[in-house]
Amino acid sequence: MTRILIIEDEPDMRRGLQDNLEFEEYETVGTANGNEGLRLALKESFDLIILDLMLPGMDGMEVCRRLKEAGSRTPIIMLTARESESDKVEGLESGADDYITKPFSLQELLARIKAILRRTQTHPSAVHEYSFGDVTLSFDKYEAYKAGKPLDLSPREFEMMRLFVEREGETLSREEFLKEVWGYTSLPQTRTVDNHVAKLRQKIEDDPDSPRHIITVHRMGYKFIR
Ligand code: CA
């Protein structure tokens, strides 16, 4: 059974999440406290952690950082209260796999949970390591190198590269990226994908203005060429 740890200090929110996730047949453990959450996450085995950003004691960012430092690879969805906090989370690249801004719909959260679990559970190791040009990606270790130098790819950028690599040569639509990498089911901004592709090109292409690996397919999306 899929186990989800919920670290959230607002009692109504925590219980609501637990009830709804249990209704969806997930097993849940809830705690209001960051320190306790960290202890549980390190001691027990979970498939996913839902982590509130603003917590008394140790905040979500710190919990996230300590988990990654301890070598935990359990995926984390961060809950943030405001759009400005989301920016902060993204900016600091705390190591969370995804974040969702309150108030959010249950449907939205469930879609994100399913997208992350699909990535981590069904094909945990479809591709371990992959090289093209002078770039090497290690999906197991979340490490990337270009010309021997470490590349700073965010978890999201890794997942985009994973999708590209797994579907090499195929044209992938922006909607497909949003569904597979972001877990969106409704229609968000496809610009988001373009922005992330632009960032990825800056990192992996020799000349980002005339990319050789991540190719734009006019009106369709993108494709990856080795
Ligand atoms: Ca809170």
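Residues numbered from 1 in each chain as written. Predicted model: local features only at pLDDT ≥ 70, side-chain atom pairs only at ≥ 80, totals over all residues. Heavy atoms only, no water.

Engineer: What should I look at first to understand the sheet that holds strand 8 (residues 143-146) in this one?
Structural biologist: Hydrogen bonds between backbone groups are what pair the strands of a sheet, and the pairing can be parallel or antiparallel. Taken in spatial order, the four strands line up as 6-7-8-9 in an open sheet, and their pairing is antiparallel. Only two strands of the sheet have a single neighbouring strand rather than two, namely strand 6 (129-132) and strand 9 (149-151). Adjacent strand axes in the sheet meet at a mean angle of 25° when their direction is disregarded. Bridge count for strand 6 against strand 7 (residues 135-138) is four bridges, and the pairing is antiparallel. Bridging across to strand 7, Tyr130 finds its partner in Leu137. Strand contacts of helix 6 (residues 155-166): strand 6, strand 7 and strand 8, with the helix running at about 105° to strand 7, the strand carrying the most contacts. (Pairing = 2+ DSSP bridges. Helix = DSSP H or I, 4+ residues; strand = E, 2+ residues; numbered from the N terminus. Axes fitted to C-alpha atoms, helices over the stretch in contact; angles between N-to-C directions. Contact = heavy atoms within 4.5 Å.)

Engineer: Looking at this model, I keep getting lost on the sheet that holds strand 3 (residues 48-52). Mind explaining?
Structural biologist: Taken together, five strands build an open sheet; the order of strands is 2-1-3-4-5 and the sheet is parallel. Edge positions in the open sheet fall to strand 2 (27-31) and strand 5 (98-101), since each of these has one partner strand only. Strand-to-strand twist across the sheet, computed as the mean angle between neighbouring axes with direction ignored, equals 20°. The strands touched by helix 2 (residues 34-43) are strand 1 (3-7), strand 2 and strand 3; relative to strand 1, the strand with the most contacts, the crossing angle is about 160°.

Engineer: Would you mind going over the packing of helix 2 against helix 3 (residues 60-69) with me for this structure?
Structural biologist: A pair of packed helices can be characterised by two numbers: the angle between their axes and the separation between those axes. Running from amino to carboxyl end, helix 2 crosses helix 3 at an angle of 25°, the nearest separation of the two axes being 10 Å. As far as their axial angle goes, helix 3 and helix 2 are roughly parallel. Like other packed secondary-structure pairs, helix 2 and helix 3 cross with a definite hand, here right-handed. The residues of helix 3 that touch helix 2, namely those facing Gly34, Leu38, Ala41 and Leu42, are Val63, Arg66 and Leu67. Taken together, the residues of the contact of helix 2 with helix 3 sort by class into five nonpolar, one polar and one charged. (Parallel < 35°, antiparallel > 145°, perpendicular 65-115°, else oblique. Left-handed = near helix turned anticlockwise from the far one by under 90°. Nonpolar A, V, L, I, M, F, W, Y, C, P; charged D, E, K, R; others polar.)

Engineer: Looking at this structure, how should I read the nonpolar core?
Structural biologist: Buried together is how nonpolar side chains tend to be arranged in soluble globular proteins. Core analysis: the largest hydrophobic core is formed by 27 residues, its most contacted members being Leu137, Met161, Phe164, Phe177 and Ile214. Looking at this core, the elements that each hand over two or more residues are strand 6, strand 7, helix 6, helix 7 (174-182), helix 8 (191-204) and strand 11 (221-224). No other element matches the six residues that helix 6 contributes to this core. In contact with Phe177, other than residues within four places in its own chain, are Met160, Leu163, Phe164, Leu172, Trp182 and Val193. Residues Val29, Leu53, Leu55 and Met61 belong to the second largest nonpolar core, which totals 20 residues. (Core = buried A, V, L, I, M, F, W, Y, C linked by side-chain atoms within 4.5 Å. Buried < 20%, exposed > 50% of the residue type's maximum accessible area, 1.4 Å probe, protein only.)

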